[in-house]
Each structure stands twice: as structure tokens, then as C-alpha cells.
Amino acid sequence: MNIFSVMGEDISNFFQQFGNDFYLNFVKNARWKYLVNGLGVTLKVTLFAVLIGIALGFLVAIIRSTHDKAGTMSSLLKFVLNVLNFICNVYLTVIRGTPVLVQLLIIYFVIFASVRIDKSFVAIVAFGVNSGAYVAEIVRGGIMSIDQGQFEAGRSLGFNFAQTMWYIIIPQTFKNVLPALGNEFIVLLKETSVAGYIALEDLTKGGDIIRSQTFSALMPLLAVAAIYLLMVVILSRLQKLLERRLRSSEK
Amino acid sequence: MKNKEPLKSFNPDTDPLISVKNLQKNFKGLHALNGVSLDIYKGDVIFVVGPSGSGKSTFLRCLNRLEEPSGGEVYFEGVEITDRNVDINKHRQKMGMVFQQFNLFPHMTVLKNMTQAPVKLQHIPKADAEAEAMKLLERVGLADRANSYPNQLSGGQKQRIAIVRALCMKPDVMLFDEPTSALDPEMVGEVLQVMRGLAEEKMTMVVVTHEMAFAREVASKIVFMAEGQILESGTPDEFFNHPKTDRLKQFLDKIL
Ligand SMILES: Nc1ncnc2c1ncn2[C@@H]1O[C@H](COP(=O)(O)OP(=O)(O)OP(=O)(O)O)[C@@H](O)[C@H]1O
Ligand SMILES: [Mg+2]
């Protein structure tokens, strides 16, 4: 026997083994559906959580920077603003000071304990509320980075505070923080992989279910990792594209 | 908030358009304005000059309460706008302001920059506002830039747009804070030309500037400020040729 035929045998063994494993993990009993359905759940949770996160983040950021900028207003308004600002600060401190998994478990087992509720809804709420705290700080930084002159120009034309925010400050902020929001989306996509702790069948859980059925870890988990990676690469590309388009709209 | 009505009927031909009474402004212990009083009548072109840090910008910005006065009053068209209960946004619509740094909105085209406020605040139909904006753009020779974004424009062009943006609100007075100080020298002329046109049309203007030759040419009255006070005011002739205070004489020696 020469060395080539040994290698050839190994290679053909390898392919045979690979084929068997592939069949066992993905084809048999239509196990691939765990991954496809899981990916669907992961994307759904991420997408809606990001939307909640952006809405909540902008809201908190606007409250906080309004509080910081507050010039002339009635004392009642000032009091309301102080209360809102306090609530926002508590929210930011608690959310950013505890692990997202703990938040998820608390929301599922404590807050929604007594109601039968769709698990993906719980995950959306938990990750959305979590993301909002990080988005809020991104957006606040974005608002602060806008030249004070923009604000003054708006006010000097007769726009009130809210109108100046809405027509002048927020659109510019949005453009500035878009890259950071894109990152937040990517981070969240990966963070949702702990949703299996509340038995939500997301992508990670899907791979894990296959593993527990086939007793082979390598292939389902590698597949899961590859799918996450692919998603992240695609999202990064989209993000770059969007940024470039936004930038060229001003050129 | 409701609009406070003038106590007596305001007559724009005999009453001051803006009346400033004993205006004070403190910045954490620093007295930027120490009792400034001034009457500005319709058609006046008031130039405010003085050394750096004398309170010129602070004074101008107190007129539309971009800076909140610490004391004193500002009356605009007979209404005390320093009254906390007044809807200042309403009055600001009638007081155009032009900044040293232009402050155009970078995310809007030139046309949008100009029409946003009239459309949203005065509920003028978009088409009408755009027609009006185009007319103004033609007047300042920038009609071809209507669809440009601010960062495609030169400094001089930006400032001319900033002026016509304020004019779109049909203001009763225009406030300028060093409109040419951020410009390259070769662009100063085109902005002054626009301001000269406004003065000729009898637009009421308050201008903070270091352009002394321009002040001499178009001012109806020059106000000299130092240490948060008006030390002297008069016609360009009185100001340049017959200064009364030593402070002004020193100032003129230094700059002329
Ligand atoms: N926002 C602020 N906070 C603290 N101090 C301020 C503020 N704005 C102005 N001042 C101070 O008030 C004084 C008057 O400033 P102001 O800007 O009105 O002067 P100016 O006459 O416009 O000067 P310049 O010719 O340099 O523009 C200065 O001592 C300045 O440092
Ligand atoms: Mg100044």
C-alpha cells in the first residue's frame, strides 16, 4: 500500500462520516427545522427588541437632555421633568448594572409569572427594555454632540423646545448614531442566544435540541455559530451601505 | 401660555419697536450686562460695537431671550417679552436672527432650511413658502443653490442663506451677531451687500460687528458698549468724529 491510497481511504472515510453526521443532525426527522424555526424566532425577537430599544432609548435620552438643557419653564413642568429624569436614572442604573439573563429570568418568572404568555413576547420585552438603556446613552451622546448653535437657530426662528428637538436635533442625532444603533442590533442578535433559559426555542436552543437528540455536539453547534456569523456579516454590510447612502445625501 | 396683549395700543410709527429698560445679565457672579437701556424704532439700523467681552452678544441674545435676562425688561411691539407668561416663541417669529456660525440645518436643503419654519409655524402652504423662498434666493443670487445642502456652500453663501432663511418669516426686526466674523475676507463683501440692501429697504436691524467702515456707512445709530453698559451712542458722525468718552477715544485709536 502506498501513502496515497492510505490518504485516499482516510479522505473517503471522512466524507462518509461527514455525510452520516450531516444526515443524522440535519436531514433525519427533518431536524434542520429546529435551526430554521429557531433562526426565525431569533430574528423576530431581535427585530422587535431593537424597535422597542430605539423607541425607549430615544425617549429616555430626550427626557434626560431636556432636563439638562431646561432653561425657562414653569415650576410645575420642572417638577415633572425632575421626576421623569429620576425614573430614567433608576432605569439606566438598574438595567446596566445587572446581567441581561437575570433580567430575562425576572421578567419571565416574576413579572409574568402568573400569566400564561407567549415566551417570545417576554423575550422581546426583556431584550427591548435592556437594549433601551444602552441606546439611551448612545442617543444622549448624539444629542450632546450636536452644536448648540443648531438649537439656538431653531429657537430663534420661533420653534418651541419640542419642535426644535423633532425637526432639527433628532434627525441629525439619528444620522449620527445610526452606526452605533447598527452595532446595538448586532450585539442584541447575539445576546438573545440566552433566551433558551426560558425555554424559548431560538436558534441556539434549536441547535442544542438537535445535540440532545443526536448526541453529537460538533455539527449542530458549528452550524448555529455559522448562522450567527453569517447574520452578523450581512448586517454589518447593510449597515455600511446605509451609512454611505446617508452620507452621500448631504454631499 | 397665552399671549399678553399690549397694555395700550402699540403705534409702530411713534412707539419704539423694541424698548430695553435697565437690562441685567449675570453669569454666575459675572455681570455681563449692567443696566442697558435702549429704544429701537422702526427702520433704525443700530450698530453695537465695543471691545471683546463687553456684552454685545449677550445684549443681542437677551433681545429674543435666547439668553434669559437676570433683570430689567424688554418690550417688543409694546409687549413685555421678558414676562415669564408671555409665549416667547410667538414673538421670536417676528425677530430674525443671524449668527456668526451661520447655523444652517445641515440635514435640510437650502429650500427646506428656509421653508420649514414658515410652513410649520405660520401654516403657510408649502408651495407659497417655496415661491417666497425662491424670490428671496434670487435676490441674493443663490436661486441655483435651492436644492443644495449647506455643506456644499461657501461661507459667504451660507451666511446669505441664513439671512434669507430668517427673512422668510417676514420678521419686523433682524438681529445680527458678527455675521461676517467667521468668513474669509473675500466673502465678507457679498454678505455686507445683502445687509446693505436690507437697510435700504428700511428693515429694522440690530447689528453687532467689528466692521467699522460698514457701520459708518449704513448705521443710523452706533452704540458703544464696554463692561456691560452703553457708554455712548450717536450717529456715525458723532461716533467717529466727536467721541465724548475717553473709553471710546481709546477704542477708536486702537481699531482705526
Ligand atoms: N454662557 C456664558 N457663561 C458664562 N459667561 C458668559 C457666557 N456668555 C458670555 N459670558 C461672559 O459675559 C461677558 C460678555 O460676553 P459677550 O459674549 O456678550 O461679549 P461680546 O461683547 O459679544 O464679546 P466678543 O466681541 O468677543 O464677541 C464675557 O465676559 C463673557 O465671558
Ligand atoms: Mg460676541
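All values reported here derive from a predicted model rather than from experimental measurement. (Residues numbered from 1 in each chain as written. Chains lettered and ligands numbered in written order. Predicted model: local features only at pLDDT ≥ 70, side-chain atom pairs only at ≥ 80, totals over all residues. Heavy atoms only, no water.)

Colleague: Would you mind going over the overall build of chain A in detail, with residue names and values included?
Modeller: Broken down by element type, chain A carries nine helices and zero strands. What you see in chain A, going N to C, is helices and strands ordered as α-α-α-α-α-α-α-α-α. By the compact-globule yardstick of 18 Å for 251 residues, chain A is too spread out, its C-alpha radius of gyration being 24 Å. Along the longest, intermediate and shortest principal axes, the C-alpha atoms of chain A span 90 × 55 × 25 Å. Within the span of chain A, comprising 251 residues, buried residues form 40% of the whole. Long-range pairs, those at least 24 residues apart, make up 77% of the contacts in chain A with a sequence separation of at least 6. Working note: accessible area of chain A is about 13,800 Å², and carbon and sulfur atoms make up 68% of it. The average position of the 22 basic charges and that of the 15 acidic charges among the side chains of chain A differ by 6 Å. (Helix = DSSP H or I, 4+ residues; strand = E, 2+ residues; numbered from the N terminus. Rg over C-alpha atoms; globule rule 2.2 N^0.38 Å. Buried < 20%, exposed > 50% of the residue type's maximum accessible area, 1.4 Å probe, protein only. Contact = heavy atoms within 4.5 Å. Areas by Shrake-Rupley, 256 points an atom, 1.4 Å probe, with all protein chains shown as cover. Lys, Arg positive; Asp, Glu negative; His and termini not counted. Charge placed at Lys NZ, Arg CZ, Asp CG, Glu CD.)

Colleague: Give a description of the side chain of Q159 of chain B that names residues and reports values.
Modeller: On the secondary structure map, Q159 of chain B appears in helix α5 (residues 155-167). Apart from residues no more than four positions distant in its own chain, Q159 of chain B is found in contact with V98, F99, Q100, F102, P179 and V191 of chain B.

Colleague: Go over the site of ligand 1 with me, naming the residues and quoting the values.
Modeller: Residues and elements named next belong to chain B. Near ligand 1 you find 13 residues, and of these S52, G53, K56, S57 and T58 are the closest. In this structure, an oxygen atom belonging to ligand 1 sits 2.8 Å away from a side-chain N or O atom of K56. Burial of ligand 1 by the surrounding chains reaches 60%, relative to a free accessible area of 630 Å². It is helix α1 (residues 56-63) that provides the largest number of residues to the shell around ligand 1, a total of three residues. (Near = heavy atom within 4 Å. Polar contact = N/O pair within 3.5 Å; in protein donor to acceptor, adjacent residues only side chain to side chain.)

Colleague: Mind laying out the interface of chain B and chain A, listing which residues take part and the relevant values?
Modeller: Each partner contributes residues to the interface: chain B has 28 residues there, and chain A has 22 residues. Both faces considered, chain B and chain A share a buried interface measuring about 2,100 Å² in area, 57% of it formed by carbon and sulfur atoms. The salt bridge involving R61 of chain B is made with E152 of chain A; its shortest N-O contact spans 2.7 Å. For the side of chain B that touches chain A, the secondary structure elements donating two or more residues are α2 (88-92), β6 (95-98), α3 (110-121) and α5 of chain B. Ranked by the residues each element gives to the side of chain B that touches chain A, the list is headed by α3 of chain B, at four residues. (Buried area = accessible area lost by both parts, 1.4 Å probe. Salt bridge = Lys/Arg side-chain N within 4 Å of Asp/Glu carboxyl O.)

Colleague: Can you tell me about the confidence of the model for chain B, naming the residues and giving the values?
Modeller: Close inspection of predicted coordinates is inappropriate for parts of the model with low pLDDT. Mean pLDDT for chain B: 94, with 97% of residues reaching 70 or above. Interface predicted TM-score (ipTM) for the complex: 0.93; the corresponding pTM is 0.86. (pLDDT = per-residue confidence, 0-100.)

Colleague: So what's going on with unusual backbone geometry? Residues and values would help.
Modeller: A negative phi angle characterises most non-glycine residues, just as the trans form characterises most peptide bonds. All names here are of chain B. Positive phi values are uncommon outside glycine, yet H123 reaches one of about 55°. By the secondary structure assignment, H123 is in the loop between α3 and α4 (126-139). Even without a glycine there, the phi angle at K170 is positive, about 50°.

Colleague: Before we move on, could you go through the nonpolar core and cite the residues and values that matter?
Modeller: Membership of the largest hydrophobic core comes to 51 residues, with the highest contact counts inside it found for I18, L23, F59, L63, V173 and V206 of chain B. Considering every element that reaches this core, the biggest residue donor is helix α7 (residues 161-191) of chain A, with six residues. In this view, V173 of chain B contacts L17, I18, F76, K94, M95, G96, M203, T204 and V206 of chain B; residues no more than four positions away in its chain are not counted. (Core = buried A, V, L, I, M, F, W, Y, C linked by side-chain atoms within 4.5 Å.)

Colleague: Any details on the sheet that holds strand β3 (residues 45-49) of chain B? Residues and values, ideally.
Modeller: Residue and element names in this part refer to chain B. What the six strands build is an open sheet, ordered β6-β7-β8-β3-β9-β10; its pairing is mixed. Taken across any chain shown, the strands that pair with only one partner, and hence form the sheet edges, are β6 and β10 (229-234). Across the sheet, the axes of successive neighbouring strands diverge by a mean angle of 20°, strand direction being ignored. Across five bridges, strand β7 (residues 173-177) lies against strand β8 (residues 204-208) in parallel orientation. Its bridge partner lying in β8, L175 is registered against V206. (Pairing = 2+ DSSP bridges. Axes fitted to C-alpha atoms, helices over the stretch in contact; angles between N-to-C directions.)

Colleague: How would you summarise the environment of F112 of chain A if you had to cite specific residues and measurements?
Modeller: Relative to the elements of secondary structure, F112 of chain A occurs in the loop between α4 (100-111) and α5 (119-144). The spacing of F112 of chain A and V125 of chain A is 13 residues in sequence and 11 Å in space, taken between C-alpha atoms.

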